[in-house]
Amino acid sequence: MLKYIKNHMESITGIEVYPMISLLIFFTFFVLLFWWVITAKKDYIKTVSNLPLDKQNDDIS
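Residues numbered from 1 in each chain as written. Predicted model: local features only at pLDDT ≥ 70, side-chain atom pairs only at ≥ 80, totals over all residues. Heavy atoms only, no water.

**Some remarks on the overall build of the chain**
Consideration 1: For the chain, the helix and strand inventory stands at three helices and zero strands.
Consideration 2: Reading the chain from its N end, one meets helices and strands in the order α-α-α.
Consideration 3: When the 61 residues of the chain are sorted by exposure, 0% land in the buried category.
Consideration 4: Here the chain has roughly 6500 Å² of accessible surface; of this, 70% comes from carbon and sulfur atoms. (Helix = DSSP H or I, 4+ residues; strand = E, 2+ residues; numbered from the N terminus. Buried < 20%, exposed > 50% of the residue type's maximum accessible area, 1.4 Å probe, protein only. Areas by Shrake-Rupley, 256 points an atom, 1.4 Å probe, with all protein chains shown as cover.)

So, in structure tokens, the structure goes:
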């Protein structure tokens, strides 16, 4: 089964660029996520983390 997939993938021209594109997207996403976590304000993080426990926002109809 693996030989079939490998031979099929090798026959597609230009396919070697897709792993590089996916690595670039993956790396960029996590670098941006890391940057956001480092630069996020502590007040915002505290407010968002307490949202599920906040009893004032319970609007059950």
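Further notes follow.
**Some details on helix H2 (residues 17-39)**
Consideration 1: If you check H2, its first and last C-alpha atoms are 33 Å apart, about what 23 residues at 1.5 Å a residue would give, namely 33 Å.
Consideration 2: Of all 23 residues that make up H2, zero are buried, and the element is exposed over most of its length. (Expected span 1.5 Å × (residues − 1).)

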